[in-house]
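Structure at a glance
Read off the chains here:
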Amino acid sequence: MATYSQYPATDVSTGDGIALAIVYRALDKLKPDPKNPRKHSVRQVRQIANSIRQFGFVGVILVDSDGNVIAGHGRLHAARQLGMTTVPV
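Residues numbered from 1 in each chain as written. Predicted model: local features only at pLDDT ≥ 70, side-chain atom pairs only at ≥ 80, totals over all residues. Heavy atoms only, no water.

What follows concerns the nonpolar core. Leu27, Leu30, Phe57, Ile61, Met84 and Val87 are the most contacted members of the largest nonpolar core, which totals 15 residues. Setting aside its immediate chain neighbours within four residues, isoleucine 61 contacts Val69, Ala71, Gly72, Arg75, Leu76, Val87, Pro88 and Val89. (Core = buried A, V, L, I, M, F, W, Y, C linked by side-chain atoms within 4.5 Å. Buried < 20%, exposed > 50% of the residue type's maximum accessible area, 1.4 Å probe, protein only. Contact = heavy atoms within 4.5 Å.)

In this section: the environment of serine 51. Turning to its location among the elements, serine 51 is positioned in helix α1 (residues 42–55). In this structure serine 51 comes out as partly exposed when scored by relative accessible area, which is 32%. Once the C-alpha coordinates of serine 51 and arginine 75 are considered, the two residues, 24 residues apart in sequence, prove to be 9.8 Å apart. (Helix = DSSP H or I, 4+ residues; strand = E, 2+ residues; numbered from the N terminus.)

Of the residues in the protein, 79% reach a pLDDT of 70 or more, and the chain-wide mean stands at 83. Per-residue pLDDT stays below 50 along residues 1–7; that stretch engages in eight contacts with residues further than four places along the chain or on separate chains. (pLDDT = per-residue confidence, 0-100.)

Pasting the structure below:
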């Protein structure tokens, strides 16, 4: 299986002058939002981890320029559970 760092970053123009980029960042550089209203159970995180193991990352973790997680807290926890060191953001 290919490692995530082997995939190049992809830039996509949104048409309004804002560029989106998918890059791989170290897990230890991402900061979960302590006020995130959604809490994931151990079972949910295990299910997400199984999905990542089987299909890879289908959806990236959405972060701001400072590495604060906006969406994808469950994926972040699952990636940690899987022992991953980098994830697509």
